[in-house]
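Spelled out, the chains give:
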Amino acid sequence: EPEVTQTPSHQVTQMGQEVILRCVPISNHLYFYWYRQILGQKVEFLVSFYNNEISEKSEIFDDQFSVERPDGSNFTLKIRSTKLEDSAMYFCASNLGQGGPRYYEQYFGPGTRLTVT
Amino acid sequence: QQPVQSPQAVILREGEDAVINCSSSKALYSVHWYRQKHGEAPVFLMILLKGGEQKGHEKISASFNEKKQQSSLYLTASQLSYSGTYFCGTDQGSRLTFGEGTQLTVNP
């Protein structure tokens, strides 16, 4: 069964450093997402991406964050200058999305645990 | 605006039933249910769409009351593998907004 993959599984970085989290969505899916989950809390939407542009973004997704689909398979989340409060599990997800994402389930990747020290 | 889930936590003995509720202050087009085990990614359980269509796992049942903007997930004859945190997600455009989650523990 196809799956979403993410690398690395764990990233440790110092405050103020840039990090890039990588995801490979399922190949025929049209919508891609990043979510964040702080330990013990709910899953929070960051951004959705469709047709090579941001479809929606949350209040959390400020100028420090950016997303990119640099080629036909990868989908990346960049945090320019990490803060301590960026420490969380970051999940990538994809959705088949034909006719609109609301009709389809989101397939989540295994996550990248980001630790900012 | 995030949906509200209840209860926050429930403890069952294997074989017992549980209901998890999800309500929204906004009109809903669809409700999604996911289960997350500790340290793992959320896993899809079910989508309920306005108009009555449902997609999901055969062993899971749920309801969606569009007028009341509520959904309920029914877990019957619970198994140890049902343990985890259950999230409902409400569809708002191209985003899913998740509730705080309901922690379900099934004991032998």
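The structure contained in this document is the topic of the report that follows.

Each value, and the rule that gives it
Residues numbered from 1 in each chain as written. Chains lettered and ligands numbered in written order. Predicted model: local features only at pLDDT ≥ 70, side-chain atom pairs only at ≥ 80, totals over all residues. Heavy atoms only, no water. Helix = DSSP H or I, 4+ residues; strand = E, 2+ residues; numbered from the N terminus. Rg over C-alpha atoms; globule rule 2.2 N^0.38 Å. Buried < 20%, exposed > 50% of the residue type's maximum accessible area, 1.4 Å probe, protein only. Contact = heavy atoms within 4.5 Å. Areas by Shrake-Rupley, 256 points an atom, 1.4 Å probe, with all protein chains shown as cover. Lys, Arg positive; Asp, Glu negative; His and termini not counted. Charge placed at Lys NZ, Arg CZ, Asp CG, Glu CD. Pairing = 2+ DSSP bridges. Axes fitted to C-alpha atoms, helices over the stretch in contact; angles between N-to-C directions. Polar contact = N/O pair within 3.5 Å; in protein donor to acceptor, adjacent residues only side chain to side chain.

1. Examining the overall build of chain B
Moving on, step 1. When helices and strands are counted, chain B shows 0 helices and 11 strands.
Moving on, step 2. Starting at the N terminus and walking to the C terminus, you meet the elements of chain B as β-β-β-β-β-β-β-β-β-β-β.
Moving on, step 3. In terms of overall dimensions, chain B is globule-like: its C-alpha atoms have a radius of gyration of 13 Å, near the 13 Å expected for 108 residues.
Moving on, step 4. Over its C-alpha atoms, taken along the principal directions, chain B stretches across nearly 40 × 25 × 20 Å.
Moving on, step 5. A burial count over chain B gives 48% of its 108 residues as buried.
Moving on, step 6. In chain B, once contacts between residues fewer than 6 apart in sequence are set aside, the share between residues at least 24 apart is 53%.
Moving on, step 7. Looking at chain B as shown, the accessible area adds up to about 5,400 Å², and 48% of this sits on carbon and sulfur atoms.
Moving on, step 8. Looking at charge distribution, chain B has the averaged site of its 10 positive side-chain charges lying 6 Å from that of its 9 negative ones.

2. Remarks on the sheet that holds strand S7 (residues 65–68) of chain A
Residue and element names in this part refer to chain A.
Moving on, step 1. The strand order across the open sheet built from 4 strands is S1-S3-S8-S7, with neighbouring strands paired in antiparallel fashion. Since the sheet does not close on itself, it has two edges, and those belong to strand S1 (5–7) and S7, each with one partner. In this sheet, neighbouring strand axes are inclined to one another by 20° on average, regardless of whether the strands run parallel or antiparallel.
Moving on, step 2. Bridge analysis of S7 against strand S8 (residues 75–79) gives 4 bridges, and the strand direction is antiparallel. Along S8, the bridge assignment pairs Phe65 with Ile79.

3. Some words on the side chain of Ser30 of chain B
Moving on, step 1. Inspection of the secondary structure assignment puts Ser30 of chain B in strand S4 (residues 30–36).
Moving on, step 2. Engagement of the side chain of Ser30 of chain B in a polar contact is seen with the side chain of His32 of chain B, the distance being 3.4 Å.
Moving on, step 3. Of the polar contacts made by the side chain of Ser30 of chain B, one reaches the side chain of Asp91 of chain B; its length is 3.3 Å.
Moving on, step 4. Among all residues touching Ser30 of chain B, those that are not within four sequence positions of it are Arg102 of chain A together with Ile47, Leu48, Leu49, Phe64, Gly89, Thr90 and Asp91 of chain B.

4. With respect to the environment of Asp17 of chain B
Residue and element names in this part refer to chain B.
Moving on, step 1. Tracing the backbone shows Asp17 in the loop between strand S2 (9–13) and strand S3 (18–23).
Moving on, step 2. Residues Asp17 and Lys68 lie 51 residues apart in sequence; the distance between their C-alpha atoms is 23 Å.
Moving on, step 3. Aside from chain neighbours lying at most four places away, what touches Asp17 is Leu12, Leu75, Thr76 and Ala77.

5. Digging into unusual backbone geometry
The bulk of non-glycine residues show a negative phi, and the bulk of peptide bonds are trans.
Moving on, step 1. The omega torsion of the bond from Thr7 of chain A to Pro8 of chain A falls at -10°, within 30 degrees of zero and hence cis.
Moving on, step 2. Note that Pro8 of chain A resides in the loop between S1 and strand S2 (10–13).
Moving on, step 3. The omega torsion across Ser6 of chain B and Pro7 of chain B is -10°, close enough to zero to call that bond cis.
Moving on, step 4. As for its position among the elements, Pro7 of chain B is in the loop between strand S1 (4–6) and S2.
Moving on, step 5. The backbone of Asn51 of chain A shows a phi angle near 55°, a positive value even though the residue is not glycine.
Moving on, step 6. Relative to the assigned elements, Asn51 of chain A resides in the loop between strand S5 (44–50) and strand S6 (53–57).
Moving on, step 7. You will see that Ala77 of chain B, though not glycine, has its phi angle at about 45°, which is positive.
Moving on, step 8. Among the secondary structure elements, Ala77 of chain B is positioned in the loop between strand S8 (70–75) and strand S9 (84–92).

Purely geometric numbers; function is a separate question.
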